[in-house]
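Structure assessment
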Amino acid sequence: MVPVTLGLGLINVNAVIDMAFASRVLDPDLAPTAIQKAFLVYMLPQGMFSVAIATVLFPTMARQASVARQTGDYRGFASTVSTGLRQIAFLLIPAAVVSAVLAEPIIRILFQRGAFTPDQTPVVASALAAFSLGLVFNGSMLMLNRAFFSLEENWIPTRIALGNLFLNAILDYPLAKWLGIWGIPLATAICNIAGTWALVVVLRRRLGRVDGGQIAATVVRVSVASAVVAAVSWTVWRPLDSALGRSFAAQFVSLGLALTAAVAAYLISCRLLQVREMDVLLSLRSRVRRT
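Report on the accompanying structure. (Residues numbered from 1 in each chain as written. Predicted model: local features only at pLDDT ≥ 70, side-chain atom pairs only at ≥ 80, totals over all residues. Heavy atoms only, no water.)

Moving on, we come to the nonpolar core. Membership of the largest hydrophobic core comes to 76 residues, with the highest contact counts inside it found for Phe77, Val81, Phe90, Ile107, Ile181, Leu203 and Leu207. Ignoring sequence-local partners within four residues, the contact set of Ile181 consists of Leu26, Leu30, Ala31, Ala34, Ile35 and Val123. (Core = buried A, V, L, I, M, F, W, Y, C linked by side-chain atoms within 4.5 Å. Buried < 20%, exposed > 50% of the residue type's maximum accessible area, 1.4 Å probe, protein only. Contact = heavy atoms within 4.5 Å.)

Looking now at the environment of Phe137. Topologically, Phe137 is positioned in helix H6 (residues 135–150). The spacing of Phe137 and Asp172 is 35 residues in sequence and 19 Å in space, taken between C-alpha atoms. Setting aside residues no more than four positions away along its own chain, Phe137 makes contact with Asn192, Ile193 and Thr196. (Helix = DSSP H or I, 4+ residues; strand = E, 2+ residues; numbered from the N terminus.)

Next up on the list: a nonpolar patch on the surface. A cluster of nonpolar side chains, contributed by Leu244, Phe248, Phe252, Val253 and Leu257, occupies part of the molecular surface with about 480 Å² of accessible area. At four residues, the largest contribution of residues to the nonpolar patch is made by helix H10 (residues 248–272). Classification of Phe252 as exposed rests on a relative accessible area of 54%. (Patch = residues over 30% accessible without salt bridge, like charges linked within 9 Å, V, L, I, M, F, W, Y side chains within 5 Å. Areas by Shrake-Rupley, 256 points an atom, 1.4 Å probe, with all protein chains shown as cover. Salt bridge = Lys/Arg side-chain N within 4 Å of Asp/Glu carboxyl O.)

Turning next to the pattern of salt bridges. According to the stated counting rule, one finds seven salt bridges in the structure shown. When the shortest N-O distance is used, the salt bridge between Glu104 and Arg108 registers 3.0 Å. Here Glu104 pairs with Arg108, and both are found in helix H4 (residues 103–111), just four residues apart, close to one helical turn. Among the salt bridges present, the one from Asp241 reaches Arg246, with a minimum N-O distance of 2.8 Å. Asp241 gets classed as buried once you look at its relative accessible area, which sits at 4%. Of the residues examined, Arg246 reaches a relative accessible area of 44% and is grouped as partly exposed.

Pasting the structure below:
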């Protein structure tokens, strides 16, 4: 429990470091608020998707790891980890694309009222777009951490999380000075990428294989479908935003229609590209209903 608790606590330490750099290196009033609001939106799809997938698959991974320690055969365990990573990619890559492409209208409709003025919206939106670069990697780290917990090797993800903590502290200052407020979320995204890479390398050495070919094939197909999502969502939102204006009702309509079109475009594209994770997701959904 100690390494698990420590690993989870490091997330909060990382946030404290980000806020410290934001307030001392940048604008002490705007920067911390912008990063905090962007972070709240950024974490929403992870809470909805990657946490749910990791939670559903964790008991299966734990059972498979227990059997594998006795037999030495980790193929079933590796297959389950691969399934989780592919599902996270299937859900979080398009979510990251939408969060980046429609960052400004999303922030506007969520926060732009009262003391939150229109000139603050682009700042928060740029922070959200930077955070979004690491979204799928953040979700993947959650899944990989659960894999190591199943293997009863809890200190491995904790050590990597500590390394990420120091990397983030090193990157925050130069990126903030060079890029401004959104440089700090960019540092977090880079750390998520580095942490995922480290976890995959260690897990592959431990298991021998993690179905990397299947994961890569899914990522390529999903990325193509997500590119369609980016084009469709922007094409639908932009003219509606210009025509309807910036009232709350108008934003609700323009953003809502853009998101609806994005979901439809993604599902159609995935069906045409034969992305199998759609069917796997339905099976996971039925498993949740039975539990």
